[in-house]
Amino acid sequence: MKPPNRASQLKDIVSKLKPIIQILTTYTAILKKGEGLGGKTTSLLEPKEKPVIQKPVAGATKRRPIVSSEFRRFYDRGDLPISIEHGPQNKIAWKVDVLQLDYHHYLPIFFEGIREKQEPYRFLAVQGVFDMLEKGGAKVLPVIPQLIIPIKSKSSSSR
């Protein structure tokens, strides 16, 4: 017996691999839409639920209530020397001359009333501050340190 030569060995290998090569060539050809085995986009799985975003707990977005001021309390009790003079344009009627007022006592109260939103308190406070600053002159300067707290409380309110 002759030893098998290389050509006959290659023929045997090719004949055994022929079905495999045929399968590979059919699947590597250019496929048309819908002919392939993979890439299906449908699924029976239900999507994962997305977490619900909850509102902030700190209350940073809530409106802070405005606490009634000392000005309102004093005016309601009748402790302030003012009243409203009604007319075509409302004015403050001072019961005492503005120059005779104790600025250390009244000016901080009027400044605190500026943060009021409800009428007539707001009008009385704003107009009272204007009148006192306009006519006060040298009496205003020593009171400025006492005005810091009412001004800060006005600027810290959220409205």
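A quick note: this is a predicted structure, and the numbers were derived from the prediction, not measured.

Procedures and definitions
Residues numbered from 1 in each chain as written. Predicted model: local features only at pLDDT ≥ 70, side-chain atom pairs only at ≥ 80, totals over all residues. Heavy atoms only, no water. Buried < 20%, exposed > 50% of the residue type's maximum accessible area, 1.4 Å probe, protein only. Helix = DSSP H or I, 4+ residues; strand = E, 2+ residues; numbered from the N terminus. Pairing = 2+ DSSP bridges. Salt bridge = Lys/Arg side-chain N within 4 Å of Asp/Glu carboxyl O.

Look at any regular strand and the pattern is simple: side chains alternate between the two faces of the sheet. Side-chain alternation along strand β2 (residues 91-94) places Ile92 and Trp94 on a buried face and Lys91 and Ala93 on a face that remains uncovered. With 4 bridges joining them, strand β1 (residues 82-85) and β2 adopt antiparallel strand pairing. Among the inter-strand pairings, Glu85 is bridged to a residue of β2, identified as Lys91. Where β1 folds back on β2, the antiparallel hairpin that results is connected by 5 residues.

For the coordinates displayed, the defined rule picks out 4 salt bridges. One salt bridge in this structure joins Glu70 and Arg73, with 2.4 Å as the shortest N-O distance. Of the two residues, Glu70 and Arg73 are both situated in helix α2 (residues 70-77); the distance of 3 residues between them amounts to about one turn of the helix. Note that Arg72 is salt-bridged to Glu116, the shortest N-O span being 2.8 Å. You can see Arg72 sitting in helix α2 and its partner Glu116 sitting in the loop between α3 (103-113) and α4 (121-136), a full 44 residues away along the chain. Glu116 sits in the buried class, given a relative accessible area of 4%.

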